[in-house]
Number of protein chains: 4
Amino acid sequence: MTTTSKDNGRQRADARTTGGARRRAKGSSTLASERREHLVKLAAELFAQKGYQATTVRNIADEAGILSGSLYHHFDSKESIVDEILTSFFDELAAANQAALARGGDPREVLSDLVRICFSTLVPHRAAIMVLQNDWNYLKQFERFDYLAKAEADTERLWVDQIKRGQETGLFRDDIDPKLTYRMIRDTIWVTVRWFQPEGRLDADGLADHYIKVLFDGISLHR
Amino acid sequence: MTTTSKDNGRQRADARTTGGARRRAKGSSTLASERREHLVKLAAELFAQKGYQATTVRNIADEAGILSGSLYHHFDSKESIVDEILTSFFDELAAANQAALARGGDPREVLSDLVRICFSTLVPHRAAIMVLQNDWNYLKQFERFDYLAKAEADTERLWVDQIKRGQETGLFRDDIDPKLTYRMIRDTIWVTVRWFQPEGRLDADGLADHYIKVLFDGISLHR
Amino acid sequence: MTTTSKDNGRQRADARTTGGARRRAKGSSTLASERREHLVKLAAELFAQKGYQATTVRNIADEAGILSGSLYHHFDSKESIVDEILTSFFDELAAANQAALARGGDPREVLSDLVRICFSTLVPHRAAIMVLQNDWNYLKQFERFDYLAKAEADTERLWVDQIKRGQETGLFRDDIDPKLTYRMIRDTIWVTVRWFQPEGRLDADGLADHYIKVLFDGISLHR
Amino acid sequence: MTTTSKDNGRQRADARTTGGARRRAKGSSTLASERREHLVKLAAELFAQKGYQATTVRNIADEAGILSGSLYHHFDSKESIVDEILTSFFDELAAANQAALARGGDPREVLSDLVRICFSTLVPHRAAIMVLQNDWNYLKQFERFDYLAKAEADTERLWVDQIKRGQETGLFRDDIDPKLTYRMIRDTIWVTVRWFQPEGRLDADGLADHYIKVLFDGISLHR
DNA sequence: AATGAATGAGAGTTCATTCAT
DNA sequence: AATGAATGAACTCTCATTCAT
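Residues numbered from 1 in each chain as written. Chains lettered and ligands numbered in written order. Predicted model: local features only at pLDDT ≥ 70, side-chain atom pairs only at ≥ 80, totals over all residues. Heavy atoms only, no water.

1. With respect to the protein's contact with DNA strand E
Stated formally: We call a residue near a molecule or strand whenever a single non-hydrogen atom of that residue lies within 4 Å of it. For the purposes of these results, a polar contact is taken to be a pair of N or O atoms within 3.5 Å, where, inside protein, one atom must be able to donate a hydrogen and its partner to accept one; residues adjacent in sequence count only when each atom of the pair is a side-chain atom. Secondary structure elements follow DSSP: runs of H or I no shorter than four residues count as helices, runs of E no shorter than two count as strands, and numbering proceeds from the N terminus. For this classification, Asp, Glu, Lys and Arg are treated as charged, while Ala, Val, Leu, Ile, Met, Phe, Trp, Tyr, Cys and Pro are nonpolar and the rest, including Gly, are polar.
Surrounding DNA strand E, one finds 37 residues, the nearest of these being Arg35 and Ser70 of chain A, Tyr72 of chain B, Tyr72 of chain C together with Ser70 of chain D. The sugar-phosphate portion of DNA strand E accounts for 69% of its atoms within 4 Å of the protein, the bases making up the rest. Between DNA strand E and Lys78 of chain B, the relevant distance is 2.9 Å, taken from a phosphate oxygen to a main-chain nitrogen or oxygen of the residue. Here a phosphate oxygen of DNA strand E and a backbone polar atom of Thr55 of chain C are 3.4 Å apart. If you list the elements that add at least two residues to the surface near DNA strand E, you get α1 (28–50) and α3 (68–71) of chain A, α2 (57–64) and α3 (68–71) of chain C together with α1 (29–50) of chain D. The element contributing the most residues to the surface near DNA strand E is α1 of chain A, with three residues. Class assignment for the residues of the surface near DNA strand E results in ten nonpolar, 19 polar and eight charged.

2. Quick notes on the relation of the copies chain A and chain B
Worth spelling out the cut-off: Alignment of copies: least-squares fit on C-alpha atoms of residues with pLDDT of at least 70 in both copies. The contact rule is simple, with two residues in contact once any of their heavy atoms fall within 4.5 Å.
Between the two copies, chain A and chain B, the superposition gives an RMSD of 0.1 Å; the rotation angle is 179° and the shift along the axis is 0.1 Å. Given the turn and translation reported, the copies of this chain are related as if by a two-fold rotation axis. Judged by C-alpha distance, Gly218 of chain A is the residue of chain A that lies nearest the rotation axis, at 1.9 Å. A shared interface surface links the copies, since 100% of the contact residues of chain A are contact residues in chain B too.

3. Observations regarding the interface of chain C and chain D
Inclusion rule: Summed over both partners, the accessible surface that disappears when two parts come together, traced with a 1.4 Å probe, is what is meant by buried area. Salt bridges are defined as contacts in which a side-chain nitrogen from Lys or Arg sits within 4 Å of a carboxyl oxygen from Asp or Glu.
With 46 residues of chain C in contact, the opposing surface of chain D contributes 46 residues. Note on chain C versus chain D: buried area summed over both sides is about 4300 Å², and carbon and sulfur give 55% of it. Summed over the shared surface of chain C and chain D, the result is four salt bridges. One salt bridge connects Asp175 of chain D with Lys213 of chain C, and the closest N-O pair in it is separated by 3.8 Å. Taken together, chain C and chain D are joined by 29 residue pairs in polar contact (both at pLDDT 80 or more). Counting residues per element, the ones that place at least two in the side of chain C that touches chain D are α1 (28–50), α5 (107–121), α6 (126–139), α8 (178–191) and α9 (204–217) of chain C. Partitioning the side of chain C that touches chain D into residue classes produces 20 nonpolar, 14 polar and twelve charged.

4. Here's the deal with the protein's contact with DNA strand F
Around DNA strand F lies a shell of 37 residues, among which Thr56, Arg58 and Tyr72 of chain A, Ser70 of chain B together with Ser70 of chain C are the nearest. Of all atoms in DNA strand F that approach within 4 Å of the protein, 67% are sugar or phosphate atoms. Within the contact set of DNA strand F, a phosphate oxygen lies 2.8 Å away from a side-chain nitrogen or oxygen of Ser70 of chain B. Residue His74 of chain B places a side-chain N or O atom 2.8 Å away from a phosphate oxygen belonging to DNA strand F. Among the elements of the structure, α2 (57–64) and α3 of chain A, α1 (29–50) of chain B together with α1 and α3 of chain C are those that each provide at least two residues to the surface near DNA strand F. No other element matches the three residues that α1 of chain C contributes to the surface near DNA strand F. Taken together, the residues that form the surface near DNA strand F break down as ten nonpolar, 19 polar and eight charged.

5. Regarding the interface of chain A and chain B
Contacts between chain A and chain B engage 46 residues on the former and 46 residues on the latter. In total, about 4300 Å² of surface goes out of reach between chain A and chain B, with carbon and sulfur atoms giving 55% of it. Here chain A and chain B share four salt bridges between them. Counting every contact that joins chain A to chain B gives 29 residue pairs in polar contact (both at pLDDT 80 or more). Going through the elements one at a time, α1, α5 (107–121), α6 (126–139), α8 (178–191) and α9 (204–217) of chain A are the ones with two or more residues in the side of chain A that touches chain B. Looking at the side of chain A that touches chain B, its residues break down into 20 nonpolar, 14 polar and twelve charged.

6. Details of the UniProt feature "DNA-binding region" (unreviewed entry) in chain A
Which entries qualify depends on this criterion: UniProt positions are given in the numbering used here, feature names are shortened, and annotations may be inferred rather than shown by experiment.
When the UniProt feature table is mapped onto this chain, "DNA-binding region" (unreviewed entry) is found at residues 56–75 of chain A. Taken end to end, residues 56–75 of chain A has its terminal C-alpha atoms 14 Å apart, with 60% of it in helix and 0% in strand.

7. Side note on the side chain of Arg173 of chain B
Worth spelling out the cut-off: The buried label applies to any residue whose accessible area, calculated with a 1.4 Å probe on protein chains only, is under 20% of its type's maximum; exposed applies above 50%, and partly exposed to all values in between.
Structurally, the position occupied by Arg173 of chain B is in the loop between α6 (146–168) and α7 (178–191). Accessibility expressed as a relative area gives 10% for Arg173 of chain B, which makes it buried. Separated by 3.1 Å, the side chain of Arg173 of chain B and the backbone oxygen of Gly218 of chain A make a polar contact. Here Arg173 of chain B is in contact with Lys213, Asp217, Gly218, Ile219, Ser220 and Leu221 of chain A together with Gln167 of chain B, once residues within four sequence places are set aside.

8. Describing the relation of the copies chain C and chain D
With an RMSD of 0.1 Å, the operation that places chain C on chain D is a rotation of 179° combined with a shift of 0.1 Å along the axis. Comparing interface residues between copies, 100% of those in chain C also sit at the interface in chain D, which points to an isologous, same-surface contact.

9. Section: the confidence of the model for chain A
Residues and elements named next belong to chain A. Heads up, the condition is: Each residue gets a pLDDT score, which is the predictor's confidence in that residue and runs from 0 to 100.
A residue-level look at chain A finds 86% of positions with pLDDT of 70 or above and a mean pLDDT of 88. Considering each helix and strand of chain A separately, the mean pLDDT is smallest for α1, with a value of 89, and largest for α2, with 98. Taken as a whole, residues 7–27 scores under 50 in pLDDT and shows 33 contacts with residues more than four places along the chain or in a different chain.

10. Observations concerning the packing of aromatic side chains
As a reminder of what qualifies: Only rings of Phe, Tyr and Trp enter the pairing, Trp through its six-membered ring, and a pair is recorded when the two centres are within 6.5 Å. The plane angle decides the type: under 30 degrees is stacked, over 60 is edge-to-face, the rest tilted. Lysine and arginine charges are scored as sitting over a ring when NZ or CZ, respectively, is within 6 Å of the ring centre and within 35 degrees of the ring normal.
For the structure shown, the criterion picks out 32 aromatic pairs over all chains. Measuring from centroid to centroid gives 5.5 Å for Trp159 of chain D and Tyr182 of chain D, while their planes differ by 45°, and the two rings are tilted. Linking Trp159 of chain D in helix α6 (residues 146–168) with Tyr182 of chain D in helix α7 (residues 178–191), this pair joins segments that are 23 residues apart in sequence. With a relative accessible area of 1%, Tyr182 of chain D lands in the buried category. Among the aromatic residues, those joined into a ring-pair cluster are Phe47, Tyr52, Tyr138 and Phe142 of chain A. When the ring centre of Phe216 of chain C is taken as origin, the NZ or CZ atom of Arg108 of chain C, which lies over that ring, is 4.3 Å away. Against the face of Tyr52 of chain D rests Lys78 of chain D, its NZ or CZ located 4.4 Å from the ring centre.

11. Notes on the pattern of salt bridges
Using the criterion set out here, one finds 56 salt bridges over all chains in the structure. The partner of Asp187 of chain B in a salt bridge is Arg186 of chain B, with the nearest N and O atoms 3.0 Å apart. This pair shows no difference in class: Asp187 of chain B is buried, exactly as Arg186 of chain B is. Notably, a salt bridge pairs Arg186 of chain C with Glu152 of chain C, separated by 2.6 Å at the nearest N-O pair. Residue Arg186 of chain C is found in helix α8, and its partner Glu152 of chain C is found in helix α7 (residues 146–168); the two are separated by 34 residues along the sequence.

12. What about the environment of Leu171 of chain D?
Mapped onto the elements of the fold, Leu171 of chain D is located in the loop between α6 and α7. Separated by 45 residues in sequence, Leu171 of chain D and Phe216 of chain D have C-alpha atoms that sit 9.9 Å apart. Once you skip the residues sitting within four places of it in the chain, Leu171 of chain D turns out to touch Ile219, Ser220 and Leu221 of chain C together with Asp106, Pro107, Arg108 and Gly166 of chain D.

13. Some details on the side chain of Ser112 of chain C
All names here are of chain C. Tracing the chain through its elements places Ser112 in helix α5. We classify Ser112 as buried; its relative accessible area is 12%. Ignoring any residue separated from it by four or fewer positions in sequence, one finds Ser112 in contact with Ile212 and Phe216.

Following this line, the structure appears as structure tokens:
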């Protein structure tokens, strides 16, 4: 197997037993990579619109103006495509979260940052989030996507730590359950992807502000 | 179509939004109806577990110990089955919501009731909510399910009215968007179906209490 | 899963985790089984003619006058069909070999019997032998067919034992290699399936006689 | 088609049965020819391992470290590659057979020579023989390979002549069928390619000796 | 001499649904 | 009320081959 663009951008655990040289000198792979990214984008849009299962590889190929078989020049499988979409989202999110943690601040500030990060991915990673909301239940059955569950577990730890720290430092109420609270925050944010319209009254930042307000102080008017 | 129970338990399309349970009065059809309900229950469990699309009619038939073709004696399509699951949920929810409204009380009390109603459906209607969370994006493309969008619009009006009334009477903050707030509340509650375990630390009521607390007063500790 | 004819006639190692009742009272399965056997026969003929790989499930379905998808009512997969063909051959061969052994006699008699048994399968199991000759190299890569290699190993032991016994009792020459000799006999017999015509000058029995003659005494005229 | 080495190394179809090696006399095409031969060798190895049908042109290209499309600079089809492998085998075999005949001797000596020739091709032409054993049934359907059947018919005549001559001169038994006997000898020898290991206890020559012994005198111990 | 993108035909398989029995 | 056989359309994916660069 040569170094085509089919490698899916992620390391494979299984070593290649068959021979074959690996090459490619200069920059023609940039073009290949652009084509590939374009196809991923088209697929992402369809996955978001109709769902992963309901989108056929023919749909994607049609959108690109090629035949379905031709997609397999670029990707191993339909799964590879969605994998690429999800990976790119998770990688970016993890990096942003780490950066927020590194910036420091009191738990309320960190939590605000984390919330804002979530909302800020809504537009650039709409498809990934949509797929996660609608098709995760289906995708999780494939070993290949186990890494997503792990990534989510990491994120949970990160949030829960901040909530607990907030409780210890007297910033947050003591009578809420950290894990439960995290889950509700997480779900509430991501699920907005279903109805959120960036061109609407509130953009992603506005949505974040609104949510942070309610999250920290509730909807009640306090005297 | 024969004179069996195949009419999907629902007389007319325009009867959909009126809510309320339907009963079959007379004789042997009760047995048929019981068998039918049993099959719906089996299907519901599978839909909840694997999703609507990923569940095959064969899966359902297998679970019932019959052949897939035999299901069509009871239902005229796979869609009919999920329709029945969803209708039963929406009918019950609408009725409960109306009852809460009828009971009256200040907006905070009514809203609390509405929240509690939502959480209380989590167990008996787990499958319907799961389907709505995971497969709505797919199902909405069929005209047949347009009534669900209408029912949801009705519910939204009901909630938004209460939130606005709360703002007018000085109970709720003025700087929150009623519609946005409703959506977030709605999403936060329903999405819990994905991880909620009735046998866990908190049951549905506990979850409701926890959420109402955070919703009204936020997670911050106010002096 | 119910007890349809899809079980492939062979036990499955993997237990069925999904529920479902198992029934079937009377004899309607005989009919189902007949249909199934008919399809297997059609497939066998095609496999023998064109090879396993080159035969498509559509070819088989066409021959049966149904659509390709309909085959899957009867079989899990194309592999299942060929499996059935091979299993039936191996089962019968193993039984016949055991019977020959049980009959006893000196090694020359037993070996003659074994040879005759091989030739006698040429007509009834032509397809299986043809597949084994032409497609074994392909089929052996699938775990599913590991049992064939095992069956072959058993047969080898059986033959080699007789050859050795013949050498010990002074019936056979001492300067031949038992294993090598077995392999050559085996291959020589089975490979005749490629050109053997039952309607030709010699039938399977005639072929066996001819071969036994040459095998034991060679082609040379001994004074 | 350009003026590359794509003409498959063979000038005309009617030159096929004449046998003999073909050389390219002149200049830089020697390099091209070497590359070509290298590719044929890689393909041969794969065909032997996995069979002709199961080997994809991509497999071959991978092995060579190039892309599958690039193979078509050297060959005009997958068939051309296997054709080259088979032709080279048949040409050499025919030449060797002719030489044996030319050397003369009594039928027993000639037959021994022919047997030894067959065994001696086992190593250098392993792939061709393997393909012939496993994929001939598939390849024979293409007109292009009709010449193989013809070559085989020629060989048969040659062998049968010697066997008959042996019977006439009282060297061989009269009660064996010459044609049948030839076929069994042929099959027995070629089919060993499936399990023969040159590094094993017996090399090709040893195998030949062993077989000649059994062929002429049988496995029985004659007083 | 090779790449990289694509074709086009066809592969095995799935599945909701129908219908005679 | 159920069976068992079949449909027909669609699915993901494969692969020999082509061709502009």
